[in-house]
Every structure is written in C-alpha cells, then in structure tokens.
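Inside the fold
So the chains spell out like this:
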Amino acid sequence: MIENMELEKFNKLYEGKAKELWETSELNYLISYYKDDITAGNGEKKDTMLRKGILNQNICTIIYEYLHEHKVPTHFIKSIGPREQVVKKLKIIPVEVIIRNYAAGSICRRYNLPKGHKFKTPLLELFYKDDSLNDPLVVKDLVLEMEWATAYELQEITRQAHIINQRMVEFWKQYGITLVDQKFEFGLDNDLNIMLGDEITPDTQRLWNKDGESLDKDVFREGDDLDEVHSVYQYIYDLISKETEMTDGC
Ligand code: ATP
Ligand code: TYD
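My aim in this report is to walk through the structure given alongside it, one point at a time. Keep in mind that what you see is a predicted model, and the values were worked out from it rather than measured. (Residues numbered from 1 in each chain as written. Chains lettered and ligands numbered in written order. Predicted model: local features only at pLDDT ≥ 70, side-chain atom pairs only at ≥ 80, totals over all residues. Heavy atoms only, no water.)

Quick notes on the packing of helix α1 (residues 52–69) against helix α6 (residues 226–241)
Relative orientation of the contacting elements α1 and α6 amounts to 30 degrees, with a least axis distance of 10 Å. It follows that α1 is roughly parallel to α6 by the angle criterion. Both α1 and α6 take part in a crossing whose hand is left-handed. Across the interface between the two elements, Lys52, Leu55, Asn56, Asn58, Ile59 and Ile62 of α1 pack against His230, Tyr233, Gln234, Ile236, Tyr237, Ile240 and Ser241 of α6. Split by residue class, the contact of α1 with α6 holds seven nonpolar, five polar and one charged. (Axes fitted to C-alpha atoms, helices over the stretch in contact; angles between N-to-C directions. Helix = DSSP H or I, 4+ residues; strand = E, 2+ residues; numbered from the N terminus. Parallel < 35°, antiparallel > 145°, perpendicular 65-115°, else oblique. Left-handed = near helix turned anticlockwise from the far one by under 90°. Contact = heavy atoms within 4.5 Å. Nonpolar A, V, L, I, M, F, W, Y, C, P; charged D, E, K, R; others polar.)

This is the structure:
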C-alpha cells in the first residue's frame with residue numbers, strides 16, 4: 001500500500017509559482033512541495049511570505065482528508081512533512097475550472113457585475129491553462145475542437161466540480177465562512193481515472209467572513225502588508241485544524 005511506503009525524492013519535475021513537483025521512487029507518485037512564494041496576476045505581483053508553504057500544505061491536507069471522507073476522488077495520498085505531500089501523478093487536463101457561488105474578481109471586471117452578487121446556481125467557467133496567454137476564458141466547443149479535453153472528460157470534470165463545490169460550501173459553512181469561488185485542476189491517473197489534482201487553499205478559494213472581509217489571497221492581491229496576509233492564512237489554519245497537530249517540524 002502506497003500509504004505505508006516511504007518514498008524517496010528523485011528529480012525535480014517542475015517548479016511552478018507556488019509548488020515544486022518531484023519524481024519519486026514510485027513511477028506513478030510525486031511529491032508536491034509547497035514554497036513560500038506568493039504571486040498574483042499570473043506572477044506580475046510576487047513576494048515571499050515566511051511559512052506560507054507550511055500553512056498552505058497543512059490547510060490543503062485537512063481539506064483533502066475531508067474530501068476523501070466524502071468519497072471525492074483526488075490525487076492526494078498523504079502529507080509527509082511540513083511542506084510535502086505524496087500525490088498520484090496525473091496527466092493534467094489543460095483546462096482550469098472556476099466555480100463561483102458569488103461574484104468577485106475577474107468576473108466582476110469582465111462583465112461589470114456587482115461584487116457579492118449571489119448566483120442562482122453555481123456558475124462554472126473554463127479557462128485554457130497557458131501562462132503565456134494569461135489563462136484565457138474558453139468555451140467548450142474550442143476545448144473539444146483543440147482536443148484539450150474530450151467530451152467525456154469535460155462532462156466528468158463539470159460533474160465533479162459541482163460536487164466538490166457543494167462539499168466545500170458545507171465545509172466552510174461550519175466555520176461561518178462563505179465560499180465565494182474556487183479554482184480546480186483535474187487530471188487522469190495511470191488507470192485513466194479522472195480526479196482532482198493540484199491544491200485547495202486560500203490561494204485557490206475566495207473566503208469571506210460574516211462581515212464580508214476576505215480571508216484568502218485577495219488580502220495579498222489588494223494590499224501590501226504581508227503580516228496581514230500571514231495572519232489571515234494562520235487564522236484559517238487555526239480555525240479548521242481543531243485537534244490536528246500542525247506539521248511544522250523545521
Ligand atoms: P500553473 O500556472 O501551471 O498552474 P503554477 O506555477 O501556478 O503553475 P504551482 O502550484 O506552482 O502552479 O505548480 C504546480 C503544477 O503542478 C501545476 O502546473 C499543476 O497543474 C501541476 N500538478 C498539480 N498536481 C499534479 C499532479 N498530481 N500530477 C501532475 N501535475 C500536477
Ligand atoms: P478569478 O476571479 O477568475 O481571477 P482573479 O483572482 O484574477 O480575480 O479567480 C477565481 C478564483 O480562482 C479565485 O478564488 C482565485 C482562483 N484562481 C486560481 O487559483 N488560479 C488562477 O490562476 C486564477 C486565475 C484564479
């Protein structure tokens with residue numbers, strides 16, 4: 001069982017804006033390493049926030065464990081340290097799924113929508129995953145035409161995104177937090193199962209408290225005070241960690 005195995009880190013496969021992916025002694029499994037870098041606007045705004053990788057890795061682990069309890073298939077296997085998780089290696093579908101319960105961010109800018117407008121049903125948008133193009137909004141027909149995903153894959157990621165969104169709305173509601181929107185990446189494992197990959201953290205979700213204050217990366221997008229960003233991420237971790245002990249060994 002992979003859960004009980006100790007994996008060795010081999011070559012660095014990829015270094016992104018927030019994480020590194022490492023190959024391991026097991027071909028179908030990777031180690032995902034969470035960095036302290038924080039970026040916004042596709043890397044236009046960039047800084048380093050001490051312990052950000054530790055906080056995000058720990059927050060993400062709690063969320064993935066919650067999703068597993070609710071039978072949601074994801075790439076997550078286990079956390080193996082303050083900044084590291086073992087995950088299934090996926091062939092990532094180059095289409096990011098954004099699902100919105102309330103209007104905020106780019107959708108307000110694009111259509112001049114009022115911030116906080118509540119969507120009657122969760123609104124799902126697809127973005128072509130290409131940093132050089134700034135991940136543009138894309139329609140299904142183009143995704144199919146260019147074979148970025150098959151019709152079945154699109155149907156399946158849409159279905160899973162709605163289920164995960166509903167689960168995450170319920171998760172945050174327990175803590176009096178409104179889940180505004182979130183971004184998902186899906187991929188195929190070695191057996192061609194489609195599942196959620198990447199991370200779920202305050203980098204990829206907008207979270208508002210009862211007063212409508214942001215408890216997520218918007219504090220960085222819209223401000224300059226890294227201490228404030230840190231205290232928001234720490235607050236989120238403290239809120240959801242309950243008795244879980246933080247892996248903060250270094
Ligand atoms: P991108 O713009 O491609 O999302 P990034 O630099 O913003 O990259 P990071 O979080 O730093 O994002 O990098 C993580 C990368 O690992 C992403 O490209 C993501 O698609 C990919 N990834 C996440 N989970 C897996 C997985 N299980 N298998 C393979 N690749 C994965
Ligand atoms: P969106 O409003 O489309 O973009 P922006 O953050 O530029 O205003 O973002 C919707 C949600 O998706 C938000 O919670 C942040 C998340 N997201 C990512 O995690 N990665 C991305 O590359 C983008 C564009 C958004």
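After presenting the structure, the write-up continues.
Let's talk about the site of ligand 2
Around ligand 2 sit 15 residues, and of these Arg100, Ser106, Asp181, Lys183 and Arg206 come closest. Within the contact set of ligand 2, an oxygen atom lies 2.8 Å away from a side-chain nitrogen or oxygen of Arg100. Between ligand 2 and Arg221 there is a distance of 3.3 Å, counted from an oxygen atom to a side-chain nitrogen or oxygen. For ligand 2, whose accessible area on its own is 500 Å², the fraction buried by protein is 79%. Secondary structure elements with two or more residues in the shell around ligand 2: β9 (95–102), α2 (106–111), β11 (178–188) and β13 (205–208). The residue inventory of the shell around ligand 2, partitioned by class, reads two nonpolar, four polar and nine charged. (Near = heavy atom within 4 Å. Polar contact = N/O pair within 3.5 Å; in protein donor to acceptor, adjacent residues only side chain to side chain. Areas by Shrake-Rupley, 256 points an atom, 1.4 Å probe, with all protein chains shown as cover.)

Structural notes on the environment of Tyr29
Tracing the backbone through its elements, the reader meets Tyr29 in strand β3 (residues 29–34). Since its relative accessible area comes to 17%, Tyr29 is described here as buried. The sequence separation of Tyr29 and Leu7 amounts to 22 residues, and the corresponding C-alpha distance is 8.7 Å. For Tyr29, the contacting residues outside a window of four places in its chain are Ile2, Leu7, Thr24, Ile77, Val86, Val87, Lys88 and Lys89. (Buried < 20%, exposed > 50% of the residue type's maximum accessible area, 1.4 Å probe, protein only.)

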